[in-house]
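# Examination of the molecular architecture
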Amino acid sequence: MPYLVAVTLLWAFSFSLIGVYLAGVVDSYFSVVSRVFLATLLFLPFLSWRQPPRLALGIMGCGALQLGLMYLFYYQSFLLLSVPEVLIFTVLTPIYVTLIYDLMHKRFNPGYLLTAVLAVLGALVIRFDALSQDYWLGFAVVQGANLCFALGQVGYKVLLERYQPAAPQYKLFGYFYLGALSVALPAWWLLGSALYPSTNLQWGILLWLGLGASGLGYFLWNKGATLVNAGILAIMNNALVPAGLLINLLIWSQEADLLRLSLGGALLLASLALNQGLLKPNRHST
């Protein structure tokens, strides 16, 4: 779980950077392809080419979903919704994680679903604000991002459980970014505009997002996903909400309801405790 916690803090910064400095100012498709390209360059030198074709293609498929398609949905959502609305609509991701994981194993674990629902309730308590009238398209776009993110991380976890490759994960993860690049590059070529970064700050943020948030972040997140059960993975998908609010409060001096933050955080902790306690006997089987 330390990997997931570290990446949550890393992404909490990144969320605000996108919303404050890039959304609506820099072309979203260019932002996506630049992040994926930089992440690919970071891991390509370590790539082990002697892997089973199904494993390599499977990891590429996970990257195409979790990073490529997810980013395309995610960046568009900032053009349709306010930042609080985007946060609200991402809280369904834990349920997708648990259901997809059980579906891939042809079973149903009500305990994992219960912990995911508690995590969703906690995130909703923290971030439920008034919604705009015309938000249904934005809601659909965010759910597309949620599904892609859930499918990618669960698919990667299941692939490594089944193949148990001898090579360390950092020698495999280049396939992940190649898969993401196969989606991001044609999308930018076909749909992108000439709205490129115009300041050194914007270029610097893209560099950080590509090498840090995307490069190291997705590798550590997916590595962490292989080390925990599906319940913890689902819960950690919503830990970004309180973390992001705290970052906004401390650095950007954004307003936050501390009572709701505390109550929602307590529900998230309760869901984690339930997973650790009631589901402990099943941990090694998942």
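Residues numbered from 1 in each chain as written. Predicted model: local features only at pLDDT ≥ 70, side-chain atom pairs only at ≥ 80, totals over all residues. Heavy atoms only, no water.

## A look at the side chain of Asp102
- Here Asp102 lies in helix H5 (residues 93–104).
- In contact with Asp102, not counting residues within four places along its chain, are Arg107, Phe108 and Asn109. (Helix = DSSP H or I, 4+ residues; strand = E, 2+ residues; numbered from the N terminus. Contact = heavy atoms within 4.5 Å.)

## Regarding empty space enclosed by the protein
- Following the criterion strictly, the structure yields 1 cavity of 30 Å³ or more and no others.
- Lining the largest cavity are 23 residues; nearest its centre among them are Trp11, Met70, Tyr74, Phe149 and Leu240.
- Looking at the lining of the largest cavity, the elements that each hand over two or more residues are helix H1 (2–22), helix H3 (53–80), helix H7 (136–163), helix H9 (200–225) and helix H11 (240–250).
- Residues belonging to the lining of the largest cavity are distributed by class as follows: 15 nonpolar, 7 polar and 1 charged. (1 Å grid on protein atoms, 1.4 Å probe; cavity = no way out; pocket = protein on both sides within 12 Å on 5 of 7 lines; lining within 4 Å. Points joined across faces, edges and corners; volume = space filled by probe spheres on them. Nonpolar A, V, L, I, M, F, W, Y, C, P; charged D, E, K, R; others polar.)

## Overview of the side chain of Thr93
- By the element assignment, Thr93 lies in helix H5.
- A distance of 3.2 Å separates a polar atom in the side chain of Thr93 from a polar atom in the side chain of Asn146. (Polar contact = N/O pair within 3.5 Å; in protein donor to acceptor, adjacent residues only side chain to side chain.)

## Here's the deal with the packing of H7 against H9
- At a closest axis distance of 8 Å, the pairing of H7 and H9 adopts a crossing angle of 60°. Of the possible angle classes, the one that applies to H7 and H9 is oblique. With respect to the hand of their crossing, H7 and H9 are arranged in right-handed fashion. For the pair H7 and H9, contact is made by Phe149, Gly152, Gln153, Tyr156 and Lys157 and by Tyr218, Trp221, Asn222, Lys223 and Ala225, respectively.
- Partitioned by chemical class, the residues of the contact of H7 with H9 number 5 nonpolar, 3 polar and 2 charged. (Axes fitted to C-alpha atoms, helices over the stretch in contact; angles between N-to-C directions. Parallel < 35°, antiparallel > 145°, perpendicular 65-115°, else oblique. Left-handed = near helix turned anticlockwise from the far one by under 90°.)

## Here we look at the confidence of the model for the chain
- Summing up the model confidence of the chain, the mean pLDDT is 82 and the portion of residues at 70 or higher is 81%.
- Within the model, the stretch residues 281–286 combines pLDDT values under 50 with 12 contacts to residues more than four positions away or in other chains. (pLDDT = per-residue confidence, 0-100.)

## Considerations on H3
- The first and last C-alpha atoms of H3 sit 39 Å apart over 28 residues, in line with the 40 Å expected at 1.5 Å per residue.
- A bend of about 35° at Met70 is the largest found in H3. (Expected span 1.5 Å × (residues − 1). Bend = angle between axes of the 7 residues up to and from the residue.)

## Let's talk about the nonpolar core
- Grouped together as the largest cluster of nonpolar side chains are 72 residues, with contacts concentrated most on Tyr71, Tyr74, Tyr177 and Tyr218.
- It is H3 that contributes the most residues to this core, 12 residues altogether.
- The contact partners of Tyr71, leaving out residues within four places of it in the chain, are Val32, Arg35, Val36, Ser214 and Tyr218. (Core = buried A, V, L, I, M, F, W, Y, C linked by side-chain atoms within 4.5 Å. Buried < 20%, exposed > 50% of the residue type's maximum accessible area, 1.4 Å probe, protein only.)

## Section: the packing of aromatic side chains
- The final tally for this structure, using the stated rule, is 20 aromatic pairs.
- Between the aromatic rings of Trp11 and Tyr218, the centroid separation amounts to 4.8 Å while the plane-to-plane angle is 45°, which identifies the pairing as tilted. Here Trp11, found in helix H1, pairs with Tyr218, found in helix H9; they are 207 residues apart in sequence, far enough to count as distant. Each member of the pair Trp11 and Tyr218 is classed as buried. (Phe/Tyr/Trp six-rings, centres within 6.5 Å; stacked < 30°, edge-to-face > 60°.)

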